[in-house]
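# Overview (structure and organization)
The residues making up each chain are set out below.
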Amino acid sequence: MKDEKKIIKAAIDDIKPDAYMKTRLQAKIEEPKRKSAKSFLKPALSCTLALAVLAGVGTYGMTRDNTPVTSQTSNAKLSNHSFNIVAYAQDENGNQGENITLGENDVTTLKNYKVKAYTDSDGYQTVKSGSESGFAINAKNVAEVTFESEKGTFSYYDMLLQSKLIDEGKYYVEIPLTDEENKLYHDKYENKDREFYNYLSKHKDLSKYFNGKSQNAEDYGIYYSDKNDYKNENQLLLAPKKYCDEFAKSDSKKITVKTYRDGDKIQDVYYSADDAIDALIKNPNLKYEDLPSDTITITVKFKDGQTATKKIKTSFNSKGQLQLQYVK
């Protein structure tokens with residue numbers, strides 16, 4: 001954990017983070033790890049696909065910092081209960097790349113999303129993809145979206161619920177720091193946030209910040225927050241680990257993700273083409289176009305109770321690039 005926090009610290013020192021940047025990074029640390037390649041002959045983050053599901057007018061993709069990017073591929077006007085599906089994939093350098101609206105009768109090819117079989121340093125056959133991406137919803141009046149796959153799985157971290165709890169003051173235990181404590185942190189405990197908490201707990205009564213909650217450091221993810229981060233004060237933030245299981249859904253064939261407040265946008269629902277990956281691992285000489293296809297069903301439920309559903313068939317071309325097409 002200490003080494004990971006040093007990496008995070010170095011990564012964000014030179015930028016001005018948004019209100020939840022460290023929260024998102026912390027979530028990635030606390031989020032349960034996927035199955036290891038050695039146990040299942042599968043990569044830890046096997047081929048993930050980004051699809052944006054949009055209701056409303058126009059289409060959007062998401063950049064690395066989750067900022068919507070308008071796509072010029074479609075300006076079709078939609079009714080209140082219809083939606084387009086947009087597939088987007090980052091390039092190999094992690095930059096926003098393709099952002100393609102699926103045509104009703106077209107086969108859409110994601111050139112950035114390309115699978116390849118190879119042998120890792122331990123001699124295990126694995127599969128990697130040339131992109132990173134996930135499902136996203138960007139629409140008004142969406143209550144929830146259900147994603148279902150016949151032969152793949154989905155993973156999702158409910159940042160919307162986490163952000164709601166943060167804004168309501170129900171997530172973090174917040175321990176404000178005096179000027180002297182803040183100086184001590186930078187002089188002696190920088191990048192040693194858990195040690196700093198243990199020091200504070202021994203030298204002052206922190207019970208008033210917990211409101212009867214556990215004060216055991218092992219129950220929390222702990223990190224320092226300065227005036228430019230979460231709030232306009234220096235403080236130590238404790239994020240309950242118990243929420244990890246509630247927020248994180250992984251390796252599920254069917255998941256439902258929700259909005260909680262006006263303006264919420266569902267995004268980063270990761271998809272793994274498990275059957276295709278397994279087939280390529282078992283037979284790395286298999287032609288890409290012979291890899292198993294999958295059917296993904298996406299159902300959008302609107303706040304007035306109405307629903308709309310679309311289905312997508314997946315396949316791969318001879319170059320290993322993912323292809324998507326609407327099916328009835």
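Details of the structure are given in the entry above.
An account of the accompanying structure is given in this report. Given the structure is predicted, the values throughout are model-derived calculations rather than measurements. (Residues numbered from 1 in each chain as written. Predicted model: local features only at pLDDT ≥ 70, side-chain atom pairs only at ≥ 80, totals over all residues. Heavy atoms only, no water.)

### Quick word on the overall build of the chain
Within the chain one finds eight helices and 20 strands. Considering the chain as a whole, with its 328 residues, one finds that 48% of them fall into the buried category. If you take every contact in the chain between residues at least 6 apart in sequence, the share linking residues at least 24 apart comes to 66%. (Helix = DSSP H or I, 4+ residues; strand = E, 2+ residues; numbered from the N terminus. Buried < 20%, exposed > 50% of the residue type's maximum accessible area, 1.4 Å probe, protein only. Contact = heavy atoms within 4.5 Å.)

### Observations regarding the packing of helix α5 (residues 179-189) against helix α6 (residues 193-203)
Where α5 contacts α6, the axes come no closer than 11 Å and their chain directions differ by 135°. Relative to α6, the element α5 lies oblique. Both α5 and α6 take part in a crossing whose hand is right-handed. Contacts from E181, L184, Y185 and Y189 of α5 reach α6 at D193, E195, F196, Y199 and L200. Its residues assigned to classes, the contact of α5 with α6 shows six nonpolar, no polar and three charged. (Axes fitted to C-alpha atoms, helices over the stretch in contact; angles between N-to-C directions. Parallel < 35°, antiparallel > 145°, perpendicular 65-115°, else oblique. Left-handed = near helix turned anticlockwise from the far one by under 90°. Nonpolar A, V, L, I, M, F, W, Y, C, P; charged D, E, K, R; others polar.)

### Here we look at α5
Residues separated by three or four positions in an α-helix point in the same direction, a consequence of the helix having 3.6 residues per turn. By the burial criterion, the buried members of α5 are E181, N182, Y185 and Y189. Each buried residue of α5 lies within a common arc of 105° when the element is viewed along its axis, so the set occupies one face. For α5, the exposed residues lying more than 90 degrees away from the buried face are D179, E180, K183, D187 and K188. Buried residues along α5 sit against β12 (173-176), α6 and β13 (220-225). Backbone geometry just after α5 places N191 at a positive phi near 65°. (Arc of directions from axis to C-beta.)

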